[in-house]
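Analysis of the macromolecular model
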Amino acid sequence: MIEIIELIKFDKDSTLPLYVQLYEKLKTLIGDGTLVCDVRLPSIRQLSKELGINRVTVVTAIRELEKDGYVYTKPGSGTFVSSSFIVTDKSMHLQSNLVLDEVYTQEYASLINNGQVSLTENSINFASATPTPDLFPVDDFKVALNEVLERDKGNAFSYQDSQGYYPLRESICRVLGEAMITCNPDDIQIISGAQQGIDIISKALLRQGDYIITESPTYAGAIAVFKSRGVQIADIELFEDGMSLSVLEYTIKKYKPRLLYTIPSFQNPTGYSCSNHKREQLLKLADKYDLYVIEDDYVSDLDFEGKKYITLKSMDKNNRVIFIKSYSKIFMPGLRLGFMIVPPGILGNVIEAKHATDISTSGLIQRAFDLYIRKGFWDKHSQFMYDVYKERYIKTINALDNNLPQNVTYKKPGGGLNLWLSLPPGFHVNKLASLCALKDIVFAPGKIFYSGNSSQKLNNIRLSFASVYVEHIEHGVGILCKTIELMEQKNESYRNLPIL
Ligand SMILES: Cc1ncc(COP(=O)(O)O)c(C=O)c1O
């Protein structure tokens, strides 16, 4: 507690009464996250003695803090920092949206609401795997949008076919052909983002109590969908080259799931990729046990080291794979656009579920995106994003290689947007997050990517470089690594650490 007291200095020349000064100092320490939720304040006696002020002054300041919701008192135990102050802090809420849009979970929201993780204008944001708005191709999209309005007039605003605007489905098939996936516009379902795709598939195919298999850890947004539908998640530990096939087969036999959800290339959050051999075997199991596989392809195009992973869909001879593609990482997440390739046997159910959800994805956006592809803007922009991300990837890998403490490990994924760091067992990741947030560095704690059923590890963090400018990467990674080292050297609670 001594260090809290050391942080409180009174201004002798101030006209403000001492109790107001103490109130303001403590409020600042709570507001900037130095004192986190549920931390016990020094006792009245201690504060009065160490600060050399009257007890009544301390009591008055604490009473005012309590009245304003910054602290709460437990009779007989003392006074503690409360989290409710965050609710009235509009600026912090505004900033936190930057993270919440991508990794919204109760767990992460509570870290933010407790002031343990906060974003400011100066934050180096390794928590979000979304591109920053300065990378969006606004001018080219405007050209496509204006031309569509001129060309289609009011038709651009009428209801659209639930399956999606046919010319766009044709354009998508052409682009997919270049990625070795052969499909027909009739197999395509346009969706308002991959998140909606996961939800629609669940709605169409799963009933409460059904089982689904997922990797562990996995994309938090998918976990949220499955839980909201009352589906049972059988999660299987993910290794650097994919799930263990024998564990997969055992799990399929045991739980008889309807679906398997996988992110085979540069997985979120780990960056791991399923080997091509395992992909083949996985499809064989899907055939053998009559199972559909959701292939969530959010960044397979970002292959920076020529790994050449083959999509499950391009190997799918027996219509087992539901391929879901997000445009949020390469294009503009707020557009809410993506597509699925759906096996004919379930297409009817899927279109019905899409219709029940939002009738159709915006016709204007679909038409504009179709023209955007046809004009060659898509090819140009995806190459641009590839180059931007590749530079950030190389810079982050180099920074980690130069700074990472010996007992922190990770596997170079070769592509994607995420790196999965394994800290020593028992490492207090929440404390690390709080300390780093004080230094304006944010990242996603690994814990939020587990469905909580099995194989949960608490000592990982996900570093995403999608939103971090190249010139900030070395500095951000340096601070993170230094903080880990200091926490280890001291082997004590972060509150005793010197401020970096
Ligand atoms: C693996 C994965 N799937 C799906 C999504 C959702 O994407 P969209 O913005 O297209 O809904 C995300 C978003 O981060 C993701 O990481």
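A few points on the structure. (Residues numbered from 1 in each chain as written. Predicted model: local features only at pLDDT ≥ 70, side-chain atom pairs only at ≥ 80, totals over all residues. Heavy atoms only, no water.)

Let us now look at the overall build of the protein. Summing up its helical and strand segments, the protein has 18 helices and 15 strands in all. Buried positions account for 56% of the 500 residues belonging to the protein. Across the protein, every contact between residues at least 6 apart in sequence was considered, and the portion connecting residues at least 24 apart equals 74%. As presented, the protein carries roughly 22000 Å² of accessible surface, and 51% of it is formed by carbon and sulfur atoms. (Helix = DSSP H or I, 4+ residues; strand = E, 2+ residues; numbered from the N terminus. Buried < 20%, exposed > 50% of the residue type's maximum accessible area, 1.4 Å probe, protein only. Contact = heavy atoms within 4.5 Å. Areas by Shrake-Rupley, 256 points an atom, 1.4 Å probe, with all protein chains shown as cover.)

The strand order across the open sheet formed by eight strands is S4-S11-S10-S9-S8-S5-S6-S7, and the pairing between neighbours is mixed. Of all strands in the sheet, those bounded by a partner on one side alone are strand S4 (188-191) and strand S7 (242-243). Relative to strand S9 (residues 292-297), strand S8 (residues 259-262) runs parallel, the two being bridged by four bridges. Each bridged residue has a counterpart across the sheet, and for Leu259 the counterpart in S9 is Tyr292. Each of strand S5 (211-216), strand S6 (232-239) and S8 touches helix H10 (residues 220-228); the most contacted strand, S6, lies at about 160° to it. This element, helix H14 (residues 344-358), spans S4, S9, strand S10 (321-326) and strand S11 (338-341) of the sheet and lies at about 20° to S4. (Pairing = 2+ DSSP bridges. Axes fitted to C-alpha atoms, helices over the stretch in contact; angles between N-to-C directions.)

Let's shift gears to the pattern of salt bridges. In this structure the tally under the stated criterion is 19 salt bridges. A salt bridge links Arg374 to Glu170, with the nearest nitrogen and oxygen atoms 3.6 Å apart. Of this pair, Arg374 sits in helix H15 (residues 363-374) while Glu170 sits in helix H8 (residues 166-178), and the two are 204 residues apart along the sequence. Judged by its relative accessible area of 32%, Glu170 is partly exposed. For Asp199, the salt bridge is made with Arg229, and the minimal N-O distance between the two is 3.2 Å. On the criterion of sequence distance, the pair formed by Asp199 in helix H9 (residues 194-205) and Arg229 in the loop between H10 and S6 is long-range, its members being 30 residues apart. Given the relative accessible area of 19%, Asp199 is considered buried. For Arg229, a relative accessible area of 28% corresponds to the partly exposed category. Salt bridges here are not isolated pairs; linked through shared partners, they connect Arg151, Asp152 and Arg367. (Salt bridge = Lys/Arg side-chain N within 4 Å of Asp/Glu carboxyl O.)

What follows deals with the nonpolar core. Membership of the largest hydrophobic core comes to 102 residues, with the highest contact counts inside it found for Phe226, Ile322, Leu432 and Phe443. Ranked by the residues each element gives to this core, the list is headed by helix H16 (residues 377-403), at nine residues. Structurally, this core is a two-domain feature, drawing no fewer than three residues from each of domain 2 (89-135 + 380-496) and domain 3 (138-375). Those residues within four positions of Phe226 in sequence are excluded, and the remaining contacts are Ile198, Ser202, Leu206, Ile212, Thr214, Val231, Ile233 and Tyr261. (Core = buried A, V, L, I, M, F, W, Y, C linked by side-chain atoms within 4.5 Å. Domains from an automatic or database assignment.)

Time to look at the pairing of S5. The buried fraction of S5 amounts to five of the six residues, a majority that puts the element mostly inside the structure. Sheet topology places S5 next to S6; six bridges connect them, and they run parallel. Bridge pairing in S6 places Ile212 opposite Ile233. Taken together, the three bridges between S5 and S8 define a ladder with parallel strand orientation. When the sheet's bridge partners are listed, Ile213 is paired in S8 with Leu260.

It is worth spelling out the site of the ligand at this point. By nearness alone, 13 residues border the ligand, and Asn268, Asp296, Ser326, Ser328 and Arg336 come closest of all. The contact in question runs from an oxygen atom of the ligand to an N or O atom on the side chain of Ser326, over 2.7 Å. Lys329 is positioned such that a nitrogen or oxygen atom in its side chain is 2.8 Å from an oxygen atom of the ligand. About the coverage of the ligand: the protein hides 95% of its 390 Å² of free accessible area. Classifying every residue of the shell around the ligand by side-chain character gives four nonpolar, five polar and four charged. (Near = heavy atom within 4 Å. Polar contact = N/O pair within 3.5 Å; in protein donor to acceptor, adjacent residues only side chain to side chain. Nonpolar A, V, L, I, M, F, W, Y, C, P; charged D, E, K, R; others polar.)

Moving on, we get to the environment of Ile124. Along the polypeptide, Ile124 turns up in strand S3 (residues 124-125). Judged by relative accessible area, which is 6%, Ile124 ranks as buried. Put simply, Ile124 and Asp440 are 316 residues apart on the chain and 6.1 Å apart in space, counted from C-alpha to C-alpha. Apart from the residues lying within four places of it in its own chain, the contact partners of Ile124 are Asp440, Ile441, Val442, Val468, His472, His475 and Gly476.

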